[in-house]
Each structure stands twice: as structure tokens, then as C-alpha cells.
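Spelled out, the chains give:
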Amino acid sequence: MAGDMRGCTLGLRAQRGGPVFVALAGPALLAAGVIACDDDDGPYGQARQMPETAARAFVAAVAASQQAWAQAGLAELIDRFGLPARVALIANRATWVTDLLAHARGWADHVPVVEALAVRAATRAAILALGLPLAEPDETTLAGRLAAEADWLRGLGQGQRPWTRKEKLAALAAAG
């Protein structure tokens, strides 16, 4: 692995399929992208249709796979940029959902949110398994800073493809 880069920080915002990441060295952008955590087939949508026992076994297997993929993706970023001084995984208002399968089974229209929460849980477990320093900034607070930080974000993403809101939030999380 690469050596310790004391200014490197990672910001992560979970979404279905894998978290968006932004890697910063001080105010400079190192990289931005997505850490793939599943094949995006919607495991909780699939599990809704299964008997309870089979569904629980299926989502447990998917969770283990998502954590392994997240851990491999984070390890790849460490190989490229060194150990981060901080990893900021954005927390959202839906973290009160503790049984993702039950929530997906009860509210079909909430399945995309559940899938993002599953990716967040897998990413959080991967960060902890790697022993990385974890911060969990609140998404609502970060969103409130978007307008005030618009010029910095625009400059940071200059020359890149258009920045998504999720990337902007991840950049703010990485910046602290």
C-alpha cells in the first residue's frame, strides 16, 4: 500500500449500486467516482417476493458481498492515494430504519431508499473493518452549505464531467 498521505480525505455518499466518492488532498481534487457494491439488480426488490427465511438469507449474502466490494474499492483508493486522514460517510435522515427487509416488504415505493441504506451499512462496515478514521456528517447540514460553497465546488470540479449533487455533498463531507 502507498504511504500515509496526511492531507487526503474521502467523502462518501451512499446510493443504490455503490457509494459516490470524492478524494481530496487539501483543497485539491484527487479523484471522484463510484465504488461499485453490487450488480444493481435491486436485491431488496427481489427479496420482497421471496418467503421470509429465504429473503433474510438472500439479503444477508448480499450484505456480505456489498461489504467485500466496498472494502476492495476502499483498498484500491488507499493503494492509489495512501491512507486517508479521515473518511466522511454521509448520514441521512432515514438511518432510523433498522430492519431493511421489513421496511422494503412493507413499503414497495421505499425500496430504492432501502437499497441505498444497505449500501451505506456495507460501506460503513468496510470502513471500520479497514480501521479507517470515520466521520458521519449529516446530509441535511451539508445540503445547507451547497449554496455557500458553490464557487469552491465549481472550481473543484472544473474540467470534470458535470458534478452531481451527490458528488458535491461528498466533496463537502471530505472537506470537513
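Each chain carries its own residue numbering, running from 1 in the written order of its sequence. Restriction of local features to residues with pLDDT of at least 70 applies here, the model being predicted, together with a cutoff of 80 or more for giving and counting side-chain atom pairs; totals for whole chains, interfaces and linings are based on all residues. To get the side-chain values, take all heavy atoms of the structure and skip hydrogens and water.

1. Some points on the overall build of the chain
Filter applied, for reference: A run of H or I in DSSP counts as a helix once it spans at least four residues, and a run of E counts as a strand once it spans at least two, with each numbered from the N terminus. The globule rule used for comparison is 2.2 Å times the number of residues to the exponent 0.38, while the radius of gyration itself is calculated over C-alpha atoms. For each residue, the accessible area found with a 1.4 Å probe, counting protein chains only, is set against the maximum for its type, and the residue is called buried under 20%, exposed over 50%, and partly exposed in between.
When helices and strands are tallied, the chain shows 7 helices and 5 strands. Listed by position from the N terminus, the elements making up the chain come as β-β-β-α-α-β-α-α-β-α-α-α. Compactness check: the chain gives a C-alpha radius of gyration of 16 Å against a globular reference of 16 Å for 176 residues, within 12% of the reference. On the principal axes, the C-alpha backbone points of the chain span a range of 50 × 35 × 25 Å. Among the 176 residues that make up the chain, the fraction classed as buried is 43%.

2. Looking at the pairing of strand E1 (residues 8-13)
Where we set the bar: Two strands make a pair as long as DSSP finds a minimum of two bridges between them.
Among the 6 residues in E1, 6 count as buried, and that is most of the element. Side chains of E1 alternate between two faces, with Cys8, Leu10 and Leu12 and Thr9, Gly11 and Arg13 buried alike. Across 4 bridges, the pairing between E1 and strand E4 (residues 86-89) is parallel. Bridge pairing in E4 places leucine 10 opposite valine 87.

3. Overview of the nonpolar core
Quick note on the threshold: Throughout this description, the term nonpolar core refers to a set of buried Ala, Val, Leu, Ile, Met, Phe, Trp, Tyr and Cys residues connected via side-chain atoms within 4.5 Å. By definition in these notes, contact holds between two residues if any of their heavy atoms fall within 4.5 Å.
Grouped together as the largest cluster of nonpolar side chains are 18 residues, with contacts concentrated most on Leu12, Ile35, Leu74 and Ile127. Every element with two or more residues in this core is listed here: E1, strand E2 (20-25), helix H2 (52-81), E4 and helix H4 (111-129). When residues of this core are assigned to their parent elements, the largest contribution, 5 residues, is made by H2. Look past the residues within four positions of leucine 12 in its chain and what remains in contact with it is Pro19, Val20, Phe21, Ile35, Leu74, Val87, Ala88, Leu89, Ile90, Thr123, Ile127 and Ala170. Counting residues in hydrophobic clusters, the runner-up holds 16 residues, among them Leu146, Leu153, Leu172 and Ala174.

4. A look at the pairing of strand E3 (residues 28-34)
Relative to E3, E2 runs antiparallel, the two being bridged by 6 bridges. By the bridge assignment, valine 22 is partnered in E3 with alanine 32. Between the end of E2 and the start of E3, which pair antiparallel, lie 2 residues, with glycine 26 showing a positive phi angle near 65 degrees.

5. As for the pattern of salt bridges
Note the cut-off: Any Lys or Arg side-chain nitrogen found within 4 Å of a carboxyl oxygen on Asp or Glu counts as a salt bridge.
Applying the stated criterion to the full structure yields 8 salt bridges. Residues glutamate 139 and arginine 13 are paired through a salt bridge, measuring 3.0 Å at the closest nitrogen-oxygen approach. Here glutamate 139, found in helix H5 (residues 139-145), pairs with arginine 13, found in strand E1; they are 126 residues apart in sequence, far enough to count as distant. The two residues glutamate 139 and arginine 13 agree in class, both being buried.

6. Let's talk about the sheet that holds E2
Going by this rule: To define axes, lines are fitted to C-alpha atoms, for helices over the stretch in contact only, and angles between the resulting N-to-C directions are given on a 0 to 180 degree scale.
On the basis of which strands lie adjacent, the open sheet formed by 5 strands has the order E3-E2-E1-E4-E5 and mixed pairing. Strands at the two margins of the open sheet, each flanked by one partner only, are E3 and strand E5 (134-135). Pairing of E4 with E5, which is carried by 2 bridges, proceeds in the parallel orientation. Bridge pairing links valine 87 to leucine 134 in E5. Packing against the sheet, H2 makes contact with E1, E2 and E3, and its axis sits at approximately 155 degrees to E1. Together, E1, E2, E3 and E4 form the strand contacts of helix H7 (residues 165-175), whose direction differs from that of E2 by roughly 40 degrees.

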